[in-house]
Amino acid sequence: MAPPIAVTGMNDILPGESARWQALETAFRTVCDRYGYREVRTPVCEYVELFSRGIGGGTDIVQKEMYTFDDRGERTLALRPEGTAGAVRAVLEHGVLAKEPVVRWCYIGPMFRAERPAKGRYRQFYQVGVEVYGDPSPAADAECIELATRFIRDLGITDFKVRVNSLGGEGTRARYRDALVAYFTPLREQLSPESQSRLERNPLRILDSKDPRDIPLKAAAPSILDALDADDRAHFDAVCALLTTLEVAHVVDPTLVRGLDYYTRTVFEIVDTSGSLGAQDALGGGGRYDRLFLNLGADASVPAFGFGLGVERLLLSAPEPVARKGFSVAVVAAAKGDNLTVTGAALALARDLRARGVTAHVDTRFVSMKSQFRRADDLGAAAVLILGDSEVQAGEVTVKTMATGEQTRLPRAQAIEAVLAARSV
Ligand code: HAM
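No experiment lies behind these values; they were computed from the predicted model shown.

A.B. asks: I'm lost on the site of the ligand in this one. Help?
C.D. replies: The immediate surroundings of the ligand are formed by 26 residues, with Glu82, Glu115, Tyr122, Glu131 and Tyr263 found nearest. Contact between the ligand and Gln127: an oxygen atom at 3.0 Å from a side-chain N or O atom of the residue. One of the side-chain N or O atoms of Arg258 is found 2.9 Å from an oxygen atom in the ligand. In the complex, the protein chains occlude 96% of the 660 Å² of accessible area that the ligand would expose alone. The element best represented in the shell around the ligand is strand β10 (residues 282-288), accounting for 5 residues. Counted by class, the shell around the ligand contains 10 nonpolar, 9 polar and 7 charged residues.

As structure tokens, then:
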């Protein structure tokens with residue numbers, strides 16, 4: 001029988017890499033805290049209708065990319081392809097807006113889309129995201145976009161570009177959709193097959209195509225910015241002005257339409273410009289979705305804005321940090337594993353060091369001293385604490401400082417204090 005392998009497009013994050021993930025998560029939590037966002041954790045699967053109604057039945061995500069399955073013959077569930085719909089469901093289900101007029105939530109977690117795997121594109125991937133509910137103002141949009149760029153900069157990423165656009169309100173979108181269909185229909189045969197199918201399903205998405213057959217046709221298409229009504233226009237101008245005030249460099253791109261149907265007014269995307277991501281260069285994106293609550297059955301509409309950033313892509317784009325090993329010690333025992341007095345004393349010493357907050361390594365196989373020392377060295381231990389029969393009988397420990405090779409025999413309590421003192425240097 002062949003050994004098991006992971007599901008295509010789903011990755012293991014091994015301990016060598018997980019330190020970078022943890023650092024990213026810490027940076028995200030720190031920035032969220034500074035901007036007043038609090039973490040929500042929702043389930044990784046939901047009833048499928050949440051996504052088909054929320055994200056839109058004509059989108060690629062709902063049509064082709066969802067992992068759906070029967071919940072023991074009861075209802076159909078889907079692994080979440082994104083975090084926004086589930087967070088809105090949770091806001092509604094828990095009546096959160098009745099208690100606070102403006103709610104700021106953030107999340108970190110795995111999302112699932114059955115896409116063709118490539119560098120930066122996986123079937124299980126992670127997003128960090130934020131959502132603000134209850135604030136219709138352009139200031140909310142601008143502050144949220146600024147938060148995204150702050151976080152990206154905190155990761156050390158400098159080569160990126162912010163693209164912004166407005167999709168207007170529902171009226172604008174419907175009018176613009178008609179204008180696009182009128183424009184592309186006579187050109188149908190010249191479009192790529194994918195865009196031909198989008199012409200029926202989701203014509204705005206033709207603007208997103210990177211196919212060389214579509215590019216010249218897109219260039220002459222009507223611009224959504226010309227279809228905005230006065231209120232939409234004023235909102236968008238205010239967002240752009242505030243971004244300029246906040247020193248968030250941005251380019252207005254009227255072809256930016258996003259792959260989810262719930263957006264109204266402002267949309268944005270942050271693109272890596274270093275070239276390290278290849279074709280999957282979107283670090284993240286988001287926008288305003290003032291109609292999603294209504295579409296999901298809420299009694300009233302709730303203004304909302306948010307974004308999601310792909311963790312794998314951020315890590316591909318971010319510079320490698322300088323490896324910095326934390327302080328640790330190793331406890332070694334001059335005894336074979338069957339000498340329970342000495343091995344017990346070694347385990348107890350490590351336990352007491354750990355209880356005082358020290359990272360202490362023990363090779364519990366208690367093989368030769370030589371190999372215990374080699375392992376301590378490999379793990380970067382600053383000191384090795386040695387216990388043999390004579391130390392245990394005397395209640396003492398031999399402490400060897402690795403940098404100098406110096407060895408001193410100390411009473412057990414003093415040896416622990418010496419380690420604590422060395423750690424705080
Ligand atoms: P999205 O643009 O579909 O938006 O995804 C956001 C980011 O997730 C992408 O820009 C990308 O970095 C990452 N991503 C998406 N699919 C994959 C994949 N297959 N493999 C690796 N990374 C991927 C949303 O999901 C919206 N919920 C964002 C949002 C929040 N809008 C409002 N609030």
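A.B. asks: Teacher, can you tell me more about the nonpolar core here?
C.D. replies: The tendency in soluble globular proteins is for nonpolar side chains to be buried as a group. Membership of the largest hydrophobic core comes to 91 residues, with the highest contact counts inside it found for Tyr133, Phe151, Phe184 and Leu314. In this view, Phe184 contacts Leu191, Leu199, Ile206, Leu207, Leu217, Lys218 and Ala221; residues no more than four positions away in its chain are not counted. Core analysis: the second largest hydrophobic core is formed by 23 residues, Leu349, Val358, Val397 and Ala415 among them.

A.B. asks: Mind showing me how you'd approach the packing of helix α6 (residues 138-154) against helix α10 (residues 230-245) here?
C.D. replies: Each pair of packed helices gets described by two things: the angle between the helix axes and the distance between those axes. It is at 8 Å that the axes of α6 and α10 come closest, and there the two elements cross at 40°. Relative to α10, the element α6 lies oblique. Considering how the two elements wind past one another, α6 and α10 form a crossing that is right-handed. Contacts between α6 and α10 involve Pro138, Ala139, Asp141, Ala142 and Ile145 from the first element and His235, Ala238, Val239, Leu242 and Leu243 from the second.

A.B. asks: Would you mind showing me how to read the side chain of Glu312 here?
C.D. replies: As for its placement among the helices and strands, Glu312 is situated in helix α12 (residues 311-317). With no salt bridge to any partner, buried Glu312 finds its closest opposite charge in Arg313, at an N-O distance of 7.0 Å. Setting aside residues up to four positions removed in sequence, Glu312 forms contacts with Trp21, Tyr122, Gln124, Phe125 and Tyr126.

A.B. asks: What should I look at first to understand the pattern of salt bridges in this one?
C.D. replies: Think of it this way: side chains of opposite charge can pair up when their charged atoms draw near. Under the defined criterion, the tally for this structure stands at 31 salt bridges. Across the pair Arg29 and Glu39 runs a salt bridge, and its minimum N-O distance is 3.2 Å. With Arg29 in helix α1 (residues 15-35) and Glu39 in strand β1 (residues 38-39), the pair connects residues that are 10 residues apart, well separated along the chain. According to the relative accessible area criterion, Arg29 is partly exposed, its value standing at 37%.

Thresholds, definitions, all that
- Residues numbered from 1 in each chain as written.
- Predicted model: local features only at pLDDT ≥ 70, side-chain atom pairs only at ≥ 80, totals over all residues.
- Heavy atoms only, no water.
- Near = heavy atom within 4 Å.
- Polar contact = N/O pair within 3.5 Å; in protein donor to acceptor, adjacent residues only side chain to side chain.
- Areas by Shrake-Rupley, 256 points an atom, 1.4 Å probe, with all protein chains shown as cover.
- Helix = DSSP H or I, 4+ residues; strand = E, 2+ residues; numbered from the N terminus.
- Nonpolar A, V, L, I, M, F, W, Y, C, P; charged D, E, K, R; others polar.
- Core = buried A, V, L, I, M, F, W, Y, C linked by side-chain atoms within 4.5 Å.
- Buried < 20%, exposed > 50% of the residue type's maximum accessible area, 1.4 Å probe, protein only.
- Contact = heavy atoms within 4.5 Å.
- Axes fitted to C-alpha atoms, helices over the stretch in contact; angles between N-to-C directions.
- Parallel < 35°, antiparallel > 145°, perpendicular 65-115°, else oblique.
- Left-handed = near helix turned anticlockwise from the far one by under 90°.
- Lys, Arg positive; Asp, Glu negative; His and termini not counted.
- Salt bridge = Lys/Arg side-chain N within 4 Å of Asp/Glu carboxyl O.

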